[in-house]
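# Commentary on secondary and tertiary structure
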Amino acid sequence: HYGKNFQSIINELRINEFISLLNENQHRSFTIESLAEKCGFNNRASFYSAFKKHTGITPSTFIKNMD
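Residues numbered from 1 in each chain as written. Predicted model: local features only at pLDDT ≥ 70, side-chain atom pairs only at ≥ 80, totals over all residues. Heavy atoms only, no water.

Summarising the model, the protein chain shows a mean pLDDT of 92, and 99% of its residues fall at 70 or more. Confidence scores differ between elements of the protein chain, with helix α4 (residues 59-66) showing the lowest mean pLDDT of 92 and helix α3 (residues 44-55) the highest of 96. (pLDDT = per-residue confidence, 0-100. Helix = DSSP H or I, 4+ residues; strand = E, 2+ residues; numbered from the N terminus.)

Turning to the environment of Glu12, a few remarks are in order. By the element assignment, Glu12 lies in helix α1 (residues 6-23). Linking Glu12 and Leu35, residues 23 residues apart in sequence, is a C-alpha distance of 15 Å. If sequence neighbours within four positions are ignored, Glu12 has contacts with Lys4 and His54. Only 2.3 Å separates the side chain of Glu12 from the side chain of Lys4, close enough to count as a polar contact. (Contact = heavy atoms within 4.5 Å. Polar contact = N/O pair within 3.5 Å; in protein donor to acceptor, adjacent residues only side chain to side chain.)

This model, assessed by the stated rule, comprises two salt bridges. Between Lys4 and Glu12 there is a salt bridge; the shortest N-O distance is 2.3 Å. Taking the relative accessible area as the measure of exposure, Glu12 reaches 23% and is therefore partly exposed. In this structure, Glu33 and Arg44 form a salt bridge, with 2.6 Å as the shortest nitrogen-oxygen distance. Of the two residues, Glu33 sits in helix α2 (residues 32-38) while Arg44 sits in helix α3, which places them 11 residues apart along the sequence. (Salt bridge = Lys/Arg side-chain N within 4 Å of Asp/Glu carboxyl O. Buried < 20%, exposed > 50% of the residue type's maximum accessible area, 1.4 Å probe, protein only.)

As a further point, take the layout of surface pockets. Looking at the largest pocket, its volume works out to about 260 Å³. Taken together, 15 residues form the lining of the largest pocket, with Ser8, Asn11, Glu12, Ala50 and Lys53 sitting closest to its centre. Where the lining of the largest pocket is concerned, the elements lending two or more residues are α1 and α3. Here the element with the most residues in the lining of the largest pocket is α1; it accounts for six residues. Looking at side-chain class alone, the lining of the largest pocket contains three nonpolar, eight polar and four charged residues. (1 Å grid on protein atoms, 1.4 Å probe; cavity = no way out; pocket = protein on both sides within 12 Å on 5 of 7 lines; lining within 4 Å. Points joined across faces, edges and corners; volume = space filled by probe spheres on them. Nonpolar A, V, L, I, M, F, W, Y, C, P; charged D, E, K, R; others polar.)

What follows is the structure in structure tokens.
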């Protein structure tokens, strides 16, 4: 129906939650890995891969562009 498989939809929701947490100042001091874990990712590699697939850039680049 969405043109995506279930895992892609779940990862997209998790990444959107990650971005929402970044927008809250209280979470700015957290590491990328801890925020990813908080959003449901089990390891760094799967998070980075899903994030880049969804946004086209790495999480680090995304955060640098926020400032």
